[in-house]
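Examining the three-dimensional arrangement
Each chain is listed here by its residues.
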Amino acid sequence: MDERFFARDVVAVATDLLGARLLVDGVGGLVVETEAYRQDDEASHSFRGRTAGNAVMFGEPGRAYVYRSYGLHWCFNIVCERGSAVLIRALEPTHGLDTMMARRAAGEGRKLCAGPGNLCKALAITGDMNGLSVLADPFSLESPSEVPASASGVRIGISKAAERPWRFAVRGSRYLSRPI
């Protein structure tokens, strides 16, 4: 993967990330759930234009856009075309399970990285990583070894433009934040 992979339509990138291996300092797994957000999308942080808080979304493709949701949980996105980003909603944990379990105080592997807040806690992703390239340390991102069967559905946890079917998942994965 390189910046060109991300410098495309966010919906295409969101589907193409399914099955990719995402690690942070060697801890992580396979991407099994994503959501797409465009600048012309009322649910997107970039919808009303550039601000200090969302400036990364208007920068280089392949950068981490990390923000706090409701002041509680970090959410990890990857910037695509100008003003758009893919929210990484869930991983199938494969690397560093003991580390993730300690960070999350969770005993069940299925729920370690299910949901954006859980994923960030398990991988120790914080606002300090906002703007970093996902193609360099501490991140490691590898293309899927095979293209998984996928499904799409409406996005969750938002109130505007929630009807858009821009939530994507590996079909049949037991590691999703919610069934699709």
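Look above for the structure.
Here the structure is a predicted model, which means the values were calculated and not measured.

**A short note on helix α4 (residues 116-123)**
Counting buried residues along α4, 6 of its 8 residues qualify, which places the element largely inside the surrounding structure. Buried within α4 are the following residues: Pro-116, Gly-117, Leu-119, Cys-120, Ala-122 and Leu-123. Contact partners of the buried residues in α4: β1 (21-24), β2 (27-37), β4 (73-79), β5 (85-95) and α3 (97-104). One or two residues past the end of α4 sits Ala-124, with phi positive at roughly 60°.

**Here we look at the layout of surface pockets**
Quantified by volume, the second largest pocket comes out at close to 190 Å³. As for the second largest pocket, its lining consists of 13 residues, and the residues nearest its centre are Gly-19, Leu-30, Pro-144, Ser-145 and Glu-146.

**Here's the deal with the nonpolar core**
Here is a general trend for soluble globular proteins: nonpolar side chains tend to be buried in one another's company. Within the largest apolar cluster, 43 residues are counted, with the highest numbers of intra-cluster contacts made by Leu-17, Leu-22, Phe-76, Ile-88, Leu-123 and Ile-125. In this structure, Ile-88 is in contact with Leu-17, Leu-22, Val-31, Glu-33, Thr-34, Phe-76, Ile-78, Pro-116 and Leu-119, ignoring residues within four places of it in sequence. In terms of nonpolar packing, the next biggest core, distinct from the first, is built from 10 residues, Tyr-37, Val-56, Met-57 and Phe-58 among them.

**Observations concerning the environment of Phe-139**
Inspection of the secondary structure assignment puts Phe-139 in strand β6 (residues 139-142). Using a relative accessible area of 3% as the deciding quantity, one classes Phe-139 as buried. A C-alpha to C-alpha distance of 7.2 Å links Phe-139 and Leu-22, two positions 117 residues apart in sequence. If we ignore the near neighbours within four places in the chain, the residues touching Phe-139 are Leu-22, Leu-23, Val-24, Ala-64, Phe-76, Met-129, Leu-132, Ser-133 and Val-134.

**What to know about the side chain of Ser-84**
Relative to the helices and strands, Ser-84 is located in the loop between β4 and β5. Judged by its relative accessible area of 3%, Ser-84 falls in the buried class. A polar atom in the side chain of Ser-84 sits 2.7 Å from the backbone oxygen of Glu-81. Ignoring anything within four residues of it in the chain, the contact list for Ser-84 reads Val-10, Tyr-37, Arg-38, Met-57, Ile-78 and Val-79.

Thresholds applied
- Residues numbered from 1 in each chain as written.
- Predicted model: local features only at pLDDT ≥ 70, side-chain atom pairs only at ≥ 80, totals over all residues.
- Heavy atoms only, no water.
- Buried < 20%, exposed > 50% of the residue type's maximum accessible area, 1.4 Å probe, protein only.
- Helix = DSSP H or I, 4+ residues; strand = E, 2+ residues; numbered from the N terminus.
- Contact = heavy atoms within 4.5 Å.
- 1 Å grid on protein atoms, 1.4 Å probe; cavity = no way out; pocket = protein on both sides within 12 Å on 5 of 7 lines; lining within 4 Å.
- Points joined across faces, edges and corners; volume = space filled by probe spheres on them.
- Core = buried A, V, L, I, M, F, W, Y, C linked by side-chain atoms within 4.5 Å.
- Polar contact = N/O pair within 3.5 Å; in protein donor to acceptor, adjacent residues only side chain to side chain.

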